[in-house]
Amino acid sequence: MENTAILIFANSAEEDARHKTSVSNPLLFQELTSNTLQIVKKTGLPFFHFTEKEQRGNSFGQRFSNAIQSIYDKGYENVITVGNDSPELTAHHLIEANKQLKLGKTVLGPALDGGFYLMGLHYSNFDARLFQKLPWQRVGLFSKISQLLGTNNSALFTLPMLRDIDILEDISVLLSRFRRIPNTVFKILATLIKRNVRFFEMHIPKQEMHFITFSFNKGSPSLLLLA
């Protein structure tokens, strides 16, 4: 029996679009989830997808921790967690994470916004109580979780840094990396950024633009233009 399982912790497309208002497009999130599932299946590892229907808890930290614990309760020793908002994620990242876990290491894949797109963890290094207290959906999460995992006996292995999708700026950058993202996702992103740029040019005078800050999943600060 394979002792590593992948946890895809990602809401439904409708729920994601409702919360991520600056990139609110159900079709985009549906395609991102489909792409993530294809990548995960390429690894040959068992996987479980937790949407808002399967998640349990009042806070993000509780829901995420409970989902991880449920995979350990199924008998798996290692859990690799990913979301659906990192179109640069590949099967190689997941396979490498599994390889490092089998070497006794803990694995983190840092995101450019200060969060992380992947975490690989052995059950002996998981403490649900401490995980729930981490600054989920806040800047600096990667630093805090690295400190927590660094207190354990296992060494920390870091994967390459990737960009996930939370704001329009993320889309603009990812479009310049078209060779690293699926073509179907690229087309939706291109349409979305074009539509938003046209809206701002037509309806919001430049001198009236300003920024307000929000936070979303796994320590991803988000910016939204408002008049």
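No experiment lies behind these values; they were computed from the predicted model shown.

Focus on the pairing of strand β1 (residues 4–9)
Turning to step 1, where the next piece is worked out: Across the 6 residues that make up β1, a large majority, 6, are buried.
Turning to step 2, where the next piece is worked out: On β1, burial covers both faces: Thr-4, Ile-6 and Ile-8 on one face and Ala-5, Leu-7 and Phe-9 on the other are all buried.
Turning to step 3, where the next piece is worked out: With 5 bridges connecting them, β1 and strand β3 (residues 78–82) associate as parallel partners. Considered in β3, the bridge of Ala-5 is made with Val-79.
Turning to step 4, where the next piece is worked out: Inspection of the sheet shows β1 paired to strand β2 (residues 47–50) by 4 bridges, in the parallel sense. Counted as the bridge partner of Phe-9 is Phe-50 from β2.

Points about the pairing of strand β5 (residues 116–122)
Turning to step 1, where the next piece is worked out: With respect to burial, β5 is a largely interior element, 6 of its 7 residues being buried.
Turning to step 2, where the next piece is worked out: Relative to β5, β3 is paired through 5 bridges, and the arrangement is antiparallel. Counted as the bridge partner of Ile-80 is Gly-120 from β5.
Turning to step 3, where the next piece is worked out: With 4 bridges connecting them, strand β4 (residues 106–110) and β5 associate as antiparallel partners. Of the residues in β5, the one forming a bridge with Val-107 is Gly-120.

Observations concerning the packing of aromatic side chains
Two descriptors summarise a pair of aromatic rings, namely the distance from one centre to the other and the angle between the planes of the rings.
Turning to step 1, where the next piece is worked out: A full pass over the atoms with the stated rule returns 11 aromatic pairs.
Turning to step 2, where the next piece is worked out: With a centroid separation of 5.0 Å and 55° between ring planes, the pair formed by Phe-126 and Phe-131 is classed as tilted. Here the two residues Phe-126 and Phe-131 agree in accessibility, since each one is buried.
Turning to step 3, where the next piece is worked out: Put simply, the rings of Phe-9, Phe-60, Phe-64, Tyr-72, Phe-116, Tyr-123, Phe-126, Phe-131 and Trp-136 pair up and form one aromatic cluster.

Side note on the nonpolar core
Turning to step 1, where the next piece is worked out: Within the largest apolar cluster, 25 residues are counted, with the highest numbers of intra-cluster contacts made by Leu-7, Phe-64, Phe-116, Met-119, Phe-131, Trp-136 and Ile-145.
Turning to step 2, where the next piece is worked out: Of all elements in the fold, only β1, α3 (60–73), β5 and α6 (141–150) reach the threshold of two or more residues within this core.
Turning to step 3, where the next piece is worked out: Take this core: its biggest share by element is 6 residues, from α3.
Turning to step 4, where the next piece is worked out: Val-40, Val-82, Leu-94 and Leu-118 belong to the second largest nonpolar core, which has 18 residues in total.

Some points on the sheet that holds β3
Sheet strands line up and pair through hydrogen bonds in the backbone, either parallel or antiparallel.
Turning to step 1, where the next piece is worked out: Taken together, 6 strands build an open sheet; the order of strands is β2-β1-β3-β5-β4-β6 and the sheet is mixed. Lying at the two open borders of the sheet, with one neighbouring strand each, are β2 and β6 (156–158). Each neighbouring strand pair of the sheet contributes to a mean axis angle of 20°, computed without reference to strand direction.
Turning to step 2, where the next piece is worked out: With 3 bridges joining them, β4 and β6 adopt parallel strand pairing. Directly across from Thr-106, in β6, lies its bridge partner Leu-156.
Turning to step 3, where the next piece is worked out: Helix α2 (residues 26–43) rests against β1, β2 and β3 of the sheet, and its axis sits at about 180° to β1.
Turning to step 4, where the next piece is worked out: Sheet contacts for α6: β4, β5 and β6; angle to β4, the most-contacted strand, approximately 170°.

Topic: the environment of Phe-126
Turning to step 1, where the next piece is worked out: With respect to the helices and strands, Phe-126 occurs in the loop between β5 and α5 (128–132).
Turning to step 2, where the next piece is worked out: Remark: the alpha-carbon pair of Phe-126 and Leu-149, spanning 23 residues in sequence, is separated by 8.7 Å.
Turning to step 3, where the next piece is worked out: Other than its neighbours up to four places away in sequence, Phe-126 contacts Ser-65, Ile-68, Gln-69, Tyr-72, Leu-121 and Phe-131.

Description of the packing of α2 against helix α4 (residues 91–102)
Turning to step 1, where the next piece is worked out: Close contact between α2 and α4 brings their axes to 8 Å; oriented N to C, the two are set at 45°. Between α2 and α4, the interaxial angle falls into the category oblique. Crossing of α2 over α4 shows right-handed handedness. On α4, the residues touching Ile-39, Val-40, Lys-42 and Thr-43 of α2 are Ala-91, Leu-94 and Ile-95.
Turning to step 2, where the next piece is worked out: Here the residues of the contact of α2 with α4 are counted per class, giving 5 nonpolar, 1 polar and 1 charged.

Reading the values: rules and limits
- Residues numbered from 1 in each chain as written.
- Predicted model: local features only at pLDDT ≥ 70, side-chain atom pairs only at ≥ 80, totals over all residues.
- Heavy atoms only, no water.
- Buried < 20%, exposed > 50% of the residue type's maximum accessible area, 1.4 Å probe, protein only.
- Helix = DSSP H or I, 4+ residues; strand = E, 2+ residues; numbered from the N terminus.
- Pairing = 2+ DSSP bridges.
- Phe/Tyr/Trp six-rings, centres within 6.5 Å; stacked < 30°, edge-to-face > 60°.
- Core = buried A, V, L, I, M, F, W, Y, C linked by side-chain atoms within 4.5 Å.
- Axes fitted to C-alpha atoms, helices over the stretch in contact; angles between N-to-C directions.
- Contact = heavy atoms within 4.5 Å.
- Parallel < 35°, antiparallel > 145°, perpendicular 65-115°, else oblique.
- Left-handed = near helix turned anticlockwise from the far one by under 90°.
- Nonpolar A, V, L, I, M, F, W, Y, C, P; charged D, E, K, R; others polar.

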